[in-house]
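Observations on the three-dimensional arrangement
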Amino acid sequence: MAKFEIDIGRMMDAFTKGTYKTHQALYELIDNSEAADASEIYITAEKGGNDPISRIVVSDNGVGMTPQKLLESLKFAGDRERAAHEISEYGIGLKVASFSMANQLTIVSKTEGGDVCGAFLCLE
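What comes next concerns the included structure. (Residues numbered from 1 in each chain as written. Predicted model: local features only at pLDDT ≥ 70, side-chain atom pairs only at ≥ 80, totals over all residues. Heavy atoms only, no water.)

**Structural notes on the pairing of strand β2 (residues 51-60)**
The following threshold applies: We call two strands paired when DSSP finds no fewer than two bridges between them. Note on conventions: DSSP H or I runs of at least 4 residues are helices, E runs of at least 2 residues are strands, and numbering of each starts at the N terminus.
Note: strand β1 (residues 41-48) against β2, 7 bridges, orientation antiparallel. Paired with glycine 48 across the strands is aspartate 51, a residue of β2. Connecting the antiparallel pair β1 and β2 is a turn made up of 2 residues, with glycine 49 showing a positive phi of about 60°.

**Some words on the layout of surface pockets**
For clarity, the cut-off: The pocket and cavity definitions rest on a 1 Å grid over protein atoms only: a 1.4 Å probe that fits but cannot leave marks a cavity, an open set with protein on both sides within 12 Å along at least five of seven lines marks a pocket, and residues lining either have an atom within 4 Å of a point. Grid points are joined across faces, edges and corners, and a volume is the space filled by probe spheres set on the points. Residues are sorted three ways: Asp, Glu, Lys and Arg are charged, Ala, Val, Leu, Ile, Met, Phe, Trp, Tyr, Cys and Pro are nonpolar, and all the rest, Gly among them, are polar.
In this structure, the second largest pocket occupies an estimated 180 Å³ of space. The wall of the second largest pocket is formed by Ile8, Gly9, Met11, Met12, Asp13, Leu74, Phe76, Lys95, Phe99, Leu121, Cys122 and Leu123. Taken together, the elements giving at least two residues each to the lining of the second largest pocket come down to α1 (8-16), α4 (93-101) and β4 (116-122). When residues of the lining of the second largest pocket are assigned to their parent elements, the largest contribution, 5 residues, is made by α1. Looking at the lining of the second largest pocket residue by residue, the classes come out as 9 nonpolar, 1 polar and 2 charged.

**Focus on unusual backbone geometry**
The following threshold applies: Buried means the residue's accessible area, taken with a 1.4 Å probe over protein chains only, is under 20% of the maximum for its type, while exposed means over 50%, and partly exposed covers the values in between.
In the Ramachandran plot, aspartate 37 falls in the positive-phi region, its phi being about 65° despite a non-glycine side chain. Overall, aspartate 37 belongs to the exposed group, its relative accessible area being 61%.

**Comments concerning the pattern of salt bridges**
The condition that has to hold: Every case where a carboxyl oxygen of Asp or Glu lies within 4 Å of a side-chain nitrogen of Lys or Arg is listed as a salt bridge.
Tallied over the entire structure, the rule returns 1 salt bridge. A salt bridge links arginine 55 to glutamate 46; the shortest N-O distance between them is 3.4 Å.

Shown next as structure tokens:
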């Protein structure tokens, strides 16, 4: 089997620059909340400093992820079972949608049992 190299930085640029318009990226994140059985989904845009929007927060009351599921969700092109109505297909939506709007992504998840886990990703 042949091996090849990938320039991760250039690949991420290719995926995130122009892949999603803002409303499409938000739809991807909302779809993730819906896949977690959320009945309430909130989108908050925060203004800060000189930037028109300094932070976009998508929060929901869905079933939270365990630390293991969170790590799996961060895998680029990861695979998992998906419901027929989900738009996700290739395991890149969360990361690419988020990075199409910002250079940083913070995820905080709380399971029904009250366990909290989180991750911080920076495009740089």
